[in-house]
Each structure stands twice: as C-alpha cells, then as structure tokens.
Amino acid sequence: MQGFKYTLSWSTDFTEVDNAPAGFTDRSARTKANITLDPKMTARRDTKDSDYYFVPDTVIVNIKPVQTESWVVKDLKSDALLKHEQIHYNITALGGRDLERKLLALRDESGQELMKKKENLRKEIQDLIDKTNKDYDGGVQGTNHGKKDTEQSKWEIHINNLMNKADGELKTL
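Only a predicted model underlies this, so the values are computations on that prediction, with no experimental measurement involved. (Residues numbered from 1 in each chain as written. Predicted model: local features only at pLDDT ≥ 70, side-chain atom pairs only at ≥ 80, totals over all residues. Heavy atoms only, no water.)

**Student:** What am I meant to see in the pattern of salt bridges here?
**Tutor:** Here the idea is simple: oppositely charged side chains can pair when their charged atoms come close. Under the criterion given, the structure shown has eleven salt bridges. We note a salt bridge from D18 to K74, for which the minimum N-O separation is 3.1 Å. Remark: K74 occurs in the loop between strand 7 (71–73) and helix 2 (79–105) and D18 occurs in the loop between strand 1 (15–17) and strand 2 (29–30); sequence separation between them is 56 residues. Taking relative accessible area as the criterion, K74 reaches 38% and is therefore assigned partly exposed. (Salt bridge = Lys/Arg side-chain N within 4 Å of Asp/Glu carboxyl O. Helix = DSSP H or I, 4+ residues; strand = E, 2+ residues; numbered from the N terminus. Buried < 20%, exposed > 50% of the residue type's maximum accessible area, 1.4 Å probe, protein only.)

**Student:** What is the right way to read the pairing of strand 3 (residues 33–37) from this model?
**Tutor:** Side-chain direction in a regular strand flips from residue to residue, so the side chains alternate between the two faces of the sheet. Alternating positions in strand 3 separate cleanly, A33, I35 and L37 being buried on one face and N34 and T36 remaining unburied on the opposite face. Taken together, the five bridges between strand 3 and strand 6 (residues 61–65) define a ladder with antiparallel strand orientation. Directly across from T36, in strand 6, lies its bridge partner N62. (Pairing = 2+ DSSP bridges.)

**Student:** Any chance you could explain unusual backbone geometry here in plain terms?
**Tutor:** Note: most peptide bonds trans; most residues except glycine with negative phi. Located in the positive-phi region is N144, a residue other than glycine, with phi close to 50°. Relative to the helices and strands, N144 resides in the loop between helix 3 (111–137) and helix 4 (149–164). Judged by relative accessible area, which is 36%, N144 ranks as partly exposed. One non-glycine residue with positive phi stands out, namely H145, at about 60°.

This is the structure:
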C-alpha cells in the first residue's frame, strides 16, 4: 500500500482560492483523495480445481490526494482546518487499507466472477468512505466541517485509533 500515512500540506496538496466554489459555500476547504489499484494486478489459479485469487505481490493500492479537486480559502487556512482535512484523507486511506485486505481474501471458481467481486468490493468501499465523510461533517455527531471542537476531537481520536490499529477497519462513529 502506498500513501496510507501521508500527511497533507497546504502548500503541496491544495489549490488556494479566494472564495469557496458554488455548492461548497459552507466550507473553508475540501480534500479529495483517490484510491487506485496497480493496473498490473493479476488473477491466478494454481490448478484447475482451485479458485482464482489475486496474486499478493500484484495487489498494490495507492492513496493519493487530488490537488486539482482539493482547495482551501486562502484567508481561512489554519492548523485546525488542516487537521480536519487530514481526517478526510485518513478516512480514504482506511478505506484503501480495507480494500487491500479484502482483495487479498477474494476467491472464486471463475475468473470473471472474481473480477465482478473486485468491482463490487471497490464500490462497497467507496460507498463506506463517502458515508463516513458525510457523517464526519454532518449529523448529530458530525463536526460541521470542523467547526464543532468536541465532535472534531472525538473523530480525530476515532480515526487515528483506527489508523494505528493493524486490524482496524473503517467505520463511522
């Protein structure tokens, strides 16, 4: 896995803007990160009686910030806001780690079915990332985009604990 413990920086990972873009006027920043799989990921089966699986050395998950879609209102930059955005990145990183583990565990009698399972798993993980990010910002336990200090602290502890726990899986508060 690449990019799991990446630390965001205002100078390298965000585009500065004067005002939040339309549709995001309630925010001071936005972090976008992508999960990609190495295109050389290979499925194999050892014998005609065994299941197809992904060759472990070829299951490489990359998590990377997308600067062109990550922005900050330049007059609103702060250490606290960057910590909030780091948790958004870490939510994606946790999803990437879950994806890697689950890909390594996938098995099927059919190579085509294994590929379908891979795509279903990618969608399932992305849906969980999207839900967790939404819960992180909104709702009763949400941070209101980092503006609620108590909730922000709870989320930071929760996500950092999952990041540091070898068998931790992404879940919402």
